[in-house]
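So the chains spell out like this:
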Amino acid sequence: MLASAAIAQTAPGDSSAIPALTIAQPPPPNPATNVKAEDAPNDGGGSIRVTWAASPDDGAGRKNVASYNILRAVSSPTGAGAFDTVGSATAGNTEFTDGHTEDGIPYIYIVEALSSVPSPGGTPVMVSVRSEPTGVAYSNGQWFHMRRLNALIMVIIVCGAILYFIQQASSGKELFIRKIAGLDAVDEAVGRATEMGRKIFYIPGTQDMDEVQTLAGITILGRVAKVAAEYEASLEVPVSRSLVMVTCREVVKEAYLNAGRPEAYNDSMVYYLTDDQFGYAAGIDGLVMRDKPSTLFFMGAFYAESLILAETGNSIGAIQIAGTAMPAQLPFFVAACDYTLIGEELFAASAYLSKEPKLLGSLKGQDLGKAIILLAILVGIVMTSFGAISMDTSDLDKLGNYNIGQWFEVQ
Amino acid sequence: MRREIPTAIAFFVGIICIIQFFIPHRPFGTLVDVFSDWFGIVAAFAIWLGALNLLKVSLERSLSKKKTHDRWYGLVVAASFFLIFIIGMFMSGGDQFQVPGSRFDYLYVNIYTPLSSTMFALLAFFVASASYRAFRARSWEATLLLIAAFFVMLGRAPVGDQLTGFMPEGYRLSEVANWIMTYPQVAGQRAIMIGIALGVASASLRLILGLERSYLGGE
């Protein structure tokens, strides 16, 4: 424990005495108690979680705890080594995860409560008090993330349902798929471009190949390119990523080959503009205003550029079909485009357009997933409502415990 | 083999990504970072494909015999490309090119940033024109949207509460706007999000299992 206090006060009016300016230092705070160290759960190893009960002076008592330092030492049969500070936590916190440990090494920890006190020089000085050391703790990796068990169960059910329906569809069973107006309009939109003798622009979003929406957009491009080849319409695909450019070229080339018009394809149909979001939007806006295409497709992931692109297309009277799974951009596309594939419809497009049984089966599996989630929502509503009714609703903290949504929370 | 190898890679990487979500133990927990690094490396090399393609297309346009504005636009792009490339690579202190005060930084701050800001600012005007179209009460849904938008926009402005200050608490415009944004809006958003999540799961499963291979170039 630290403490200091030497105080001498000069008598008033005693000018001969050198005034010894001393300040009574307040006592240090009480230490944190019940300090424990254990392997951090649900990780790959390399971290130990330290918990403690807050000092009685943390937010209460003398209210002079400013922060906590966490000190660590390696334990050995001859005793603990030197303690080094491995981190800190502000007052009010009672947990710290030391993420820089070596698995299998025995560590012990101390939590140091710090308090800031005034000093004669004016600069506050930190005084500290240490807790008792913890027992020995080791870090280890876990083989299963227990807090994701609910997610695993859901994955198994949904994926199992998808695989089941794929198998059903493969065996020849008829599956009903509702109409998706935006996809039905593809032929009409391409046909219009042919009649008007104008271009079709296909924009596969602004993200790279690691985005599943981009993949979905490229899948639809294959269909659009095939129809464009059959109708002898002029197709242009300006892209914002190099890898997307390479992939789109392959897809368009293959589509023209399948349509029996390989000679009509050339690499300049798919070209790169820029990776920059607004540079890309400016480039496409310029192309749209100059070339006045009759049809515009926006299929993939979009951000703030979505409305800039769609409104420009709208201003020239082009028929526009959009599809994205970015919820914030959907209202913009709905307002500015003739047809919009909303969220899941974008991912369903490949199955819908190809009519391949295996792919259609996966859509049916999705529907089962939706039914399960719907049921869970209904059960949640009932349980939360009855839970709230059967308890003292003035205790808001307790009310949170009745939220069934917490059971499904994935950490 | 042109299809089989990419499909096998997609299967292997996809399965590992799923496994690592549930198994934090090494090596699974760190493999996704490794794959992510590899993607970054491949994408970084591939940027040259895009950059050279842009240069090729721009030069072709600027050298074209067609007397259109495209010639000049192509020339501007090509000249800008060389300007920023030469200044960034050779005239901005090597790897210190991003340091404030360097020539590259000067171009970035005084040309690139204002151009980007201008494009972003256009969004405000486009929001106005799109809102005007969306809020025309041509159908039952559009009318509902118009009414909701009326309450939300007015409720988010100070004048909303001034107009309804005489109303009992809970019925003032700002509170009505908050209610619309907290309940009907969130409910609709969540329905879309659930659909998207299942769509992503289904699409990913098709890609991992190789059922969906059209992105490799084919039906």
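Since this is a predicted model, take the numbers as computed values, not measurements.

## Observations regarding the overall build of chain A
- Across its full length, chain A holds 10 helices and 14 strands.
- Scored against the burial criterion, the 411 residues of chain A give a buried share of 41%.
- Contacts spanning at least 24 positions in sequence make up 68% of the contacts within chain A whose residues lie at least 6 apart.

## Re the overall build of chain B
- Assigned secondary structure in chain B consists of eight helices and zero strands.
- Across chain B, helices and strands are ordered from the amino to the carboxyl terminus as α-α-α-α-α-α-α-α.
- Over its C-alpha atoms chain B spans a radius of gyration of 27 Å, topping by over 25% the 17 Å that the globule rule assigns to 219 residues.
- Expressed as lengths along the three principal axes of its C-alpha atoms, the size of chain B is roughly 65 × 50 × 40 Å.

## Things to note about the pairing of strand S3 (residues 67-76) of chain A
Residues and elements named next belong to chain A.
- Strand direction decides the pairing type here: S3 and strand S5 (residues 84-90), joined by six bridges, are antiparallel. Each bridged residue has a counterpart across the sheet, and for Ile-70 the counterpart in S5 is Gly-87.
- Strand direction decides the pairing type here: S3 and strand S7 (residues 107-117), joined by eight bridges, are antiparallel. In the sheet register, Leu-71 faces S7, and the bridge partner there is Ile-110.
- Note: S3 against strand S4 (residues 79-80), two bridges, orientation antiparallel.

## Here we look at the sheet that holds strand S13 (residues 319-324) of chain A
Residues and elements named next belong to chain A.
- Read from one edge to the other, the open sheet built from six strands follows the order S11-S10-S9-S12-S13-S14, with strand pairing classed as parallel. Bordering the open sheet on either side are strand S11 (270-272) and strand S14 (339-342), each of which pairs with just one other strand. Across this sheet, the average inter-strand angle for adjacent strands is 15°, counted without regard to direction.
- Helix H5 (residues 277-291) rests against strand S9 (199-203) and strand S10 (234-239) of the sheet, and its axis sits at about 165° to S9.
- Helix-sheet contacts for helix H6 (residues 305-315) involve S9, strand S12 (295-299) and S13, and the interaxial angle to S13 is about 165°.

## Some words on the confidence of the model for chain A
- Looking at chain A, pLDDT values average 85 and 88% of them are 70 or higher.
- Under a pLDDT of 50 for its full length, residues 1-17 of chain A has, in the predicted model, 19 contacts with residues more than four places off or in other chains.

## Overview of the sheet that holds strand S6 (residues 95-98) of chain A
Residues and elements named next belong to chain A.
- Strand order in this open sheet of three strands is S1-S2-S6, and the pairing throughout is antiparallel. Edge positions in the sheet fall to strand S1 (33-39) and S6, since each of these pairs with one other strand and no more. Shown here is a sheet whose adjacent strand axes are inclined to one another by a mean of 15°, direction ignored.
- In the sheet, strand S2 (residues 48-53) pairs with S6 via four bridges, with the strands oriented antiparallel.

## Re the interface of chain B and chain A
- Across the boundary between the two partners, chain B contributes 52 residues, which contact 65 residues of chain A.
- Looking at the side of chain B that touches chain A, the elements with two or more residues in it are helix H1 (4-22), helix H2 (28-62), helix H4 (103-134) and helix H8 (184-208) of chain B.
- Class assignment for the residues of the side of chain B that touches chain A results in 31 nonpolar, 16 polar and five charged.

## Looking at the packing of helix H3 (residues 212-231) of chain A against H8 of chain B
- Running from N to C, H3 of chain A and H8 of chain B cross one another at 70°; their axes reach a closest spacing of 11 Å. As the angle between them shows, H3 of chain A and H8 of chain B are arranged roughly perpendicular. Each of Val-212, Leu-215 and Ala-216 of chain A in H3 of chain A lies in contact with H8 of chain B, whose residues at this interface are Val-200, Ala-203, Ser-204 and Leu-207 of chain B.
- Residues of the contact of H3 of chain A with H8 of chain B, tallied by class, amount to six nonpolar, one polar and no charged.

## Some remarks on the nonpolar core
All names here are of chain A.
- Core analysis: the largest hydrophobic core is formed by 96 residues, its most contacted members being Leu-221, Val-224, Ala-225, Cys-248, Val-252 and Phe-298.
- When residues in this core are grouped by element, the largest group, 11 residues, is from H3.
- Composition of this core by domain shows at least three residues from each of domain 2 (146-163 + 359-408) and domain 3 (178-355).
- Core analysis: the next-biggest nonpolar cluster, separate from the first, contains 21 residues, Val-35, Tyr-68, Ile-70 and Val-111 among them.

## Here we look at the environment of Ala-349 of chain A
All names here are of chain A.
- With respect to the helices and strands, Ala-349 occurs in helix H8 (residues 344-354).
- The exposure class assigned to Ala-349 is buried, which follows from the 24 C-beta atoms found within 10 Å.
- C-alpha of Ala-349 to C-alpha of Ala-216: the two residues are 133 residues apart in sequence and 7.6 Å apart in space.
- If we ignore the near neighbours within four places in the chain, the residues touching Ala-349 are Leu-183, Ala-216, Thr-219, Ile-220, Gly-323 and Leu-341.

## Concerning the environment of Val-111 of chain A
Residues and elements named next belong to chain A.
- Here Val-111 lies in strand S7.
- Expressed as a C-alpha distance, the spacing of Val-111 and Asn-258, which sit 147 residues apart in the sequence, is 70 Å.
- Those residues in contact with Val-111 that sit more than four places away from it in its chain are Ala-32, Val-35, Val-50, Trp-52, Tyr-68, Ile-70 and Ser-131.

## Description of the packing of helix H2 (residues 181-196) of chain A against H3 of chain A
Residues and elements named next belong to chain A.
- Look at H2 against H3: their axes get within 10 Å of each other, and the N-to-C directions meet at 40°. Taken together, the axes of H2 and H3 lie oblique to each other. Both H2 and H3 take part in a crossing whose hand is right-handed. Contact residues: H2 offers Val-186, Asp-187, Val-190, Gly-191 and Thr-194, while H3 offers Arg-223, Val-224, Val-227, Ala-228 and Tyr-231.
- Along the lines of polarity and charge, the residues of the contact of H2 with H3 split into six nonpolar, two polar and two charged.

## Section: the pairing of S12 of chain A
All names here are of chain A.
- The buried fraction of S12 is high, at five of five residues.
- Residues of S12 alternate between two faces, with Thr-295, Phe-297 and Met-299 on one and Leu-296 and Phe-298 on the opposite face, all of them buried.
- Across four bridges, S9 lies against S12 in parallel orientation. Bridging from a neighbouring strand, Phe-201 pairs with Leu-296 of S12.
- In the sheet, S12 pairs with S13 via five bridges, with the strands oriented parallel.

## As for H6 of chain A
- Among the 11 residues that make up H6 of chain A, 10 are buried, leaving the element largely enclosed by the rest of the structure.
- Elements in contact with the buried residues of H6 of chain A: S9, H5, S12, S13 and helix H7 (330-336) of chain A together with H4 of chain B.
- Trailing H6 of chain A by a residue or two, Gly-317 of chain A shows a phi angle of about 75°, which is positive.

## Focus on H8 of chain A
Residues and elements named next belong to chain A.
- In terms of burial, H8 is largely enclosed, as 10 of its 11 residues are buried.
- Taken together, the buried positions of H8 are occupied by Glu-344, Glu-345, Leu-346, Phe-347, Ala-348, Ala-349, Ser-350, Ala-351, Tyr-352 and Leu-353.
- Among the residues trailing H8, Lys-355 stands out with phi positive, at a value near 60°.

## Structural notes on unusual backbone geometry
- Between Arg-26 of chain B and Pro-27 of chain B the backbone carries a cis peptide bond, its omega angle lying at 5°.
- Here Pro-27 of chain B is to be found in the loop between H1 and H2.

Criteria and cut-off values
- Residues numbered from 1 in each chain as written.
- Chains lettered and ligands numbered in written order.
- Predicted model: local features only at pLDDT ≥ 70, side-chain atom pairs only at ≥ 80, totals over all residues.
- Helix = DSSP H or I, 4+ residues; strand = E, 2+ residues; numbered from the N terminus.
- Buried ≥ 20, exposed ≤ 12 C-beta atoms within 10 Å, placed from the backbone.
- Contact = placed C-beta atoms within 7 Å.
- Rg over C-alpha atoms; globule rule 2.2 N^0.38 Å.
- Pairing = 2+ DSSP bridges.
- Axes fitted to C-alpha atoms, helices over the stretch in contact; angles between N-to-C directions.
- pLDDT = per-residue confidence, 0-100.
- Nonpolar A, V, L, I, M, F, W, Y, C, P; charged D, E, K, R; others polar.
- Parallel < 35°, antiparallel > 145°, perpendicular 65-115°, else oblique.
- Core = buried A, V, L, I, M, F, W, Y, C linked by C-beta atoms within 7 Å.
- Domains from an automatic or database assignment.
- Left-handed = near helix turned anticlockwise from the far one by under 90°.

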